[in-house]
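An overview of the molecular structure
So you can see what is in the structure, the chains are spelled out below.
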Amino acid sequence: MEAYISAISHAEPDKIISNEDLWKWCIDKISRQVDRHDKLVSAQEIALKRKKIWIENTRRTNENENSETLAVKAVNNLRIKYWAQILDTLDWIYVWTFTSWHIFPWVASQIANSLWIEWRIETKDVNTACNSFLQAIIDANRAIKSWDLKKVLVVWVDSISKLLDWKYPAAVPFGDAAAGVILEARDFVESKENNFWIVNNRTYYRGQNSDAVTCKSNCFDNGTDKYYFQIDWPVVYDVWVKKTIEMVDSYVHEMGINITDFDYIVPHQANEKMLHEISKWIWYPEERVLKTLKNNWNTGAASIPLTLSKHENKFTEGDRLLLITFGAWFTLTLVDIFRWKMKNIVE
């Protein structure tokens, strides 16, 4: 028994932030928080930096939205996109996020409540970030194989904008989004009529420099700004690019394949320049690297499933995809999957 992805959908906040909108919004933020820092980056500088790094606009949750509401919206979009029965007989709801508005109840429990599911299913949240899509796929695949589960709903969601200090350029390349998939168990022969079939995976961890990406809990705020999401971009850029190239090279040599055997590469949407460098050094055509950077930028846990969902119509039967993540805790993961014709989509 193996797992395949039978359904995928996503959700975005309604509010779109353009470069001009960001400039106006930041003026207010800066005027109210000017005493919090010795260094002050103007809103104009932030907006110009967004333009320089290929951002046209991004989406941000408003005062009435958070990770929980986005996650429920993504699940509702699954019900709209597919037959409503796609969410029947769930065994497990699994949510990956580091920006949940509540420590408890879990986001997964709130999704179960929105679906009017009571005690017959297990719910679980995992506190994680950019690397979570592939880690969740690997974990859910193992659970299906080991625990005899039939159907698992996995949701990735982050509203990173609520954790950012907008006076600093590090706040520039982030947005909010959610995405969800259904993983089902079936024999290989039966699954050829369906969507993404998981072929292989690898995970690598680098302990050094792990403090280059930090976010302390605001439950323990002592009046400082320490709970803001903080990132040391020079360190992150150097390590992630170098180690991702090493990971991909190692995998293709181990498997005895060429990198161009993959029809598409779907990377974590961290930075346009990083993706350009990675595709150049692994000798892979950049036009086949799928991106959502211009209109979403880095959406944390939702990054890869959002990209898959938005580019779903590009994929044809038999396509082979390489999914690559790198993120907080300096964990790198890749998943090698095939794509077959989807069966349950509503025409």
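Look up a bit, the structure's there.
Residues numbered from 1 in each chain as written. Predicted model: local features only at pLDDT ≥ 70, side-chain atom pairs only at ≥ 80, totals over all residues. Heavy atoms only, no water.

1. Let's talk about the overall build of the protein
Scanning the protein for helices and strands turns up nine helices and 13 strands. Residues counted as buried form 56% of the 347 residues belonging to the protein. Of the roughly 16,000 Å² that the protein leaves accessible, carbon and sulfur atoms contribute 51%. (Helix = DSSP H or I, 4+ residues; strand = E, 2+ residues; numbered from the N terminus. Buried < 20%, exposed > 50% of the residue type's maximum accessible area, 1.4 Å probe, protein only. Areas by Shrake-Rupley, 256 points an atom, 1.4 Å probe, with all protein chains shown as cover.)

2. Observations concerning helix α8 (residues 272-281)
Along an α-helix, residues three or four apart share an orientation, since each turn contains 3.6 residues. Residues of α8 that are buried: Glu272, Met274, Leu275, Glu277, Ile278 and Ser279. Contacts made by the buried residues of α8 are with α7 (233-255), β11 (264-267) and β12 (319-327). Looking at where α8 begins, the residue whose side-chain oxygen comes 2.7 Å from the main-chain nitrogen of Lys273 is Asn271. Looking one or two places after α8, you find Trp283, whose phi comes out positive at around 60°. (Contact = heavy atoms within 4.5 Å. Polar contact = N/O pair within 3.5 Å; in protein donor to acceptor, adjacent residues only side chain to side chain.)

3. Overview of empty space enclosed by the protein
Taken as a whole and assessed by the stated rule, the structure comprises three cavities of 30 Å³ or more. By volume, the largest cavity is sized at about 70 Å³. Looking at the largest cavity, it is lined by 13 residues, and the ones nearest its centre are Cys130, Phe174, Val213, Phe229 and Trp240. Of the residues in the lining of the largest cavity, the class split is eleven nonpolar, two polar and no charged. Counted as a void, the second largest cavity has a volume near 50 Å³. Surrounding the second largest cavity, Ile265, Pro267, Leu275, Ile278, Ser279, Ile282, Tyr284, Val289 and Ile324 form its lining. Elements with a contribution of two residues or more to the lining of the second largest cavity: β11 and α8. The biggest single contributor to the lining of the second largest cavity is α8, with three residues. (1 Å grid on protein atoms, 1.4 Å probe; cavity = no way out; pocket = protein on both sides within 12 Å on 5 of 7 lines; lining within 4 Å. Points joined across faces, edges and corners; volume = space filled by probe spheres on them. Nonpolar A, V, L, I, M, F, W, Y, C, P; charged D, E, K, R; others polar.)

4. Brief notes about the pattern of salt bridges
Inspection of the entire model under this criterion finds 13 salt bridges. The shortest N-O distance in the salt bridge between Glu272 and Lys291 comes to 2.7 Å. With Glu272 in helix α8 and Lys291 in the loop between α8 and α9 (303-310), the pair connects residues that are 19 residues apart, well separated along the chain. A relative accessible area of 21% means that Lys291 is categorised as partly exposed. Ionic pairing is found between Lys280 and Glu277, a salt bridge with its closest N-O pair at 3.5 Å. Of this pair, Lys280 and Glu277 both sit in helix α8, three residues apart, roughly one helical turn. Counted as one network, the salt bridges with shared partners bring together Glu12, Arg59 and Lys310. (Salt bridge = Lys/Arg side-chain N within 4 Å of Asp/Glu carboxyl O.)

5. Describing unusual backbone geometry
Look at the link from Phe104 to Pro105: it is a cis peptide, with omega at 5°. Structurally, Pro105 can be placed in the loop between β4 (92-97) and α4 (107-114). With phi around 60°, Trp283 is a residue other than glycine that occupies positive phi space. One non-glycine residue with positive phi stands out, namely Trp297, at about 60°. Overall, Trp297 belongs to the buried group, its relative accessible area being 0%.

6. So, the environment of Ser18
Looking at where Ser18 falls in the secondary structure, it is placed in strand β2 (residues 16-18). With 41 residues separating them along the chain, Ser18 and Arg59 place their C-alpha atoms 8.6 Å apart. Setting aside anything within four residues of it in sequence, one finds Ser18 in contact with Glu56 and Asn57.

7. Some remarks on the pairing of β11
Across a regular strand the side chains alternate sides, sitting on one face of the sheet and then on the other. Here β11 shows no split at all, with Tyr264 and Val266 on one side and Ile265 and Pro267 on the other all buried. Looking at chain direction, β11 and β12 are connected through four bridges and run parallel. Of the residues in β12, the one forming a bridge with Val266 is Leu323. (Pairing = 2+ DSSP bridges.)

8. Digging into the nonpolar core
Core analysis: the biggest nonpolar cluster contains 61 residues, and Ile93, Ile111, Leu153, Val154, Leu183 and Leu308 have the highest contact counts within it. Ranked by residue count, the leading element in this core is helix α5 (residues 132-147), at eight residues. Once you skip the residues sitting within four places of it in the chain, Leu153 turns out to touch Val75, Leu78, Leu87, Leu90, Trp92, Ile93, Tyr94, Ile111, Val181 and Ile182. Among the nonpolar cores identified, the runner-up in size contains 39 residues, and Met247, Phe262, Leu293 and Leu332 belong to it. (Core = buried A, V, L, I, M, F, W, Y, C linked by side-chain atoms within 4.5 Å.)

9. With respect to the packing of aromatic side chains
Tallied over the entire structure, the rule returns six aromatic pairs. An angle of 45° between the planes, with centres 5.5 Å apart, marks the rings of Trp92 and Trp147 as tilted. Taken together, the residues Trp92 in strand β4 and Trp147 in helix α5 connect sequence positions 55 residues apart. A relative accessible area of 53% places Trp147 in the exposed class. (Phe/Tyr/Trp six-rings, centres within 6.5 Å; stacked < 30°, edge-to-face > 60°.)

10. Comments concerning the packing of helix α3 (residues 67-81) against α4
For any two helices packed against each other, the geometry is given by the interaxial angle and the distance between the axes. The contact between α3 and α4 brings their axes to 10 Å, and the two run at 45°. When the axis of α3 is compared with that of α4, the two are oblique. The chirality of how α3 crosses α4 is right-handed. Where α3 approaches α4, its residues Glu68, Ala71, Val72 and Val75 are matched on the opposing element by Val107, Gln110, Ile111 and Ser114. A breakdown of the residues in the contact of α3 with α4 according to their chemical character gives five nonpolar, two polar and one charged. (Axes fitted to C-alpha atoms, helices over the stretch in contact; angles between N-to-C directions. Parallel < 35°, antiparallel > 145°, perpendicular 65-115°, else oblique. Left-handed = near helix turned anticlockwise from the far one by under 90°.)

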